[in-house]
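Next come the chains, spelled out residue by residue.
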Amino acid sequence: MAWVTRESSTVYENRWIEVREDQVTGPGGDGIYGVVTMRHPAVFVVALDDEDRVCLITLERYTTGVSIEVPAGGSDGEDPLAAAQRELLEETGFVAEDWTSLGTMNALNGIAHAPEHVFLARGLTPVDDSTHTQEEEGIDAVAWVPFSEVLAMIADGLITDGETVAAIAYAGIRLGRFR
C-alpha cells in the first residue's frame, strides 16, 4: 500500500530544518506523521592517513552530549564535495589530495528527509590556516586512530553516532575490510 498525504502543514522552520505535520493514510490506517526536512544535505568525511588511521573528532552535542565522530557538517547549499573539503579543513586543519565519493545515505528515514554524502579523503596535508580553529567548531579533540581500533570503538559503544558508524562502514566496504 502506498502512503497517501491528505493534508500537510509546516509547524516549525529555521534556516537548517523544516518540521511539518502530515495527515496521512498508511498501512495502519489514518494518522499523523511528523517529518523533519533538512534544508541542505550533510557531508561526512572518512579521512585516512598513510598509516591507515582515521581522523576522529570529539565534541559535545547539545542533544546527546560528548560524541566521537568523523568530520562532518552541512553542505549549506554547496556542491557536496566542496562542502566535504571545507568541513575537513574547518574541523581538522587538513586538506586532502584524493577524494572518493562513497555513496549517499539517509539519516533517520522514518521521521526525516535528510540526505547525506559520504567521502573518503586520502593524501592528507596539514594546513597552517590562521583563520581555522576547532574552538569555533566546538571540537574538543582531533585524533588519528587505526582503522581496526575505530571498529573496536564502535563495537565497544564508544562511537555511537549513527552517521559515523555508517560512514566507517561505507569506507570499510570500499577498502575491502569486511570481506
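What you see is a predicted model; the values in this text were computed from it and never measured.

The rules behind these values
- Note on numbering: residues in each chain are counted from 1, in written sequence order.
- Local features in a predicted model are, by the rule used here, given only for residues with pLDDT of at least 70; side-chain atom pairs are given and counted only at 80 or more, and totals for whole chains, interfaces and linings are based on all residues.
- The side-chain quantities take in all heavy atoms of the structure and omit both hydrogens and water.
- Nonpolar core, defined: a set of buried Ala, Val, Leu, Ile, Met, Phe, Trp, Tyr and Cys residues in which side-chain atoms within 4.5 Å join the residues together.
- Exposed residues in this analysis have more than 50% of their type's maximum accessible area, buried residues have under 20%, and partly exposed residues fall in between, with area computed by a 1.4 Å probe over protein chains only.
- For helices the rule is a DSSP run of H or I covering at least 4 residues; for strands it is a run of E covering at least 2, with both sets numbered from the N terminus onward.
- Contacts are residue-level and defined by heavy atoms, with any inter-residue pair within 4.5 Å sufficient.
- Identification of polar contacts relies on pairs of N or O atoms within 3.5 Å, with a donor-acceptor requirement for protein atoms, meaning one able to donate a hydrogen and the other able to accept it, and with residues adjacent in sequence counted only if both atoms are side-chain atoms.
- A side-chain nitrogen of Lys or Arg and a carboxyl oxygen of Asp or Glu constitute a salt bridge if their distance falls within 4 Å.

### Overview of the nonpolar core
One broad trend across soluble globular proteins is that nonpolar side chains are buried collectively.
Next, step 1: The biggest cluster of nonpolar side chains holds 21 residues, and the ones touching the most others in it are Phe44, Val46, Val54, Leu56, Val70, Val150 and Ile168.
Next, step 2: Put simply, the parts of the chain that give this core at least two residues each are strand E4 (42–47), strand E5 (53–61), strand E8 (94–106), strand E10 (115–126), helix H3 (147–155) and helix H4 (162–174).
Next, step 3: Apart from the residues lying within four places of it in its own chain, the contact partners of Val46 are Val54, Val70, Phe119, Leu120, Ala121, Ala167, Ile168 and Ala171.
Next, step 4: Counting residues in hydrophobic clusters, the runner-up holds 13 residues, among them Val45, Cys55, Ala84 and Leu124.

### A closer look at the side chain of Asp49
Next, step 1: Take Asp49: it is sitting in the loop between E4 and E5.
Next, step 2: For Asp49, a relative accessible area of 15% gives the class buried.
Next, step 3: A distance of 2.9 Å separates a polar atom in the side chain of Asp49 from the backbone nitrogen of Glu51.
Next, step 4: A distance of 2.7 Å separates a polar atom in the side chain of Asp49 from a polar atom in the side chain of Arg53.

### A look at the pattern of salt bridges
Next, step 1: All chains considered together, the criterion is met by 11 salt bridges.
Next, step 2: The salt bridge partner of Glu13 is Arg39, with a shortest N-O separation of 2.7 Å. Residue Glu13 is located in strand E1 (residues 4–13), and its partner Arg39 is located in the loop between strand E3 (29–38) and E4; the two are separated by 26 residues in the primary sequence.
Next, step 3: Using a relative accessible area of 36% as the deciding quantity, one classes Arg39 as partly exposed.
Next, step 4: Residues Glu90 and Arg86 are paired through a salt bridge, measuring 3.4 Å at the closest nitrogen-oxygen approach. Within this pair, Glu90 and its partner Arg86 are both found in helix H1 (residues 80–92), separated by four residues, close to a single helical turn.
Next, step 5: Overlapping salt bridges bring together Asp76, Glu78, Arg86, Glu87 and Glu90 as one network.

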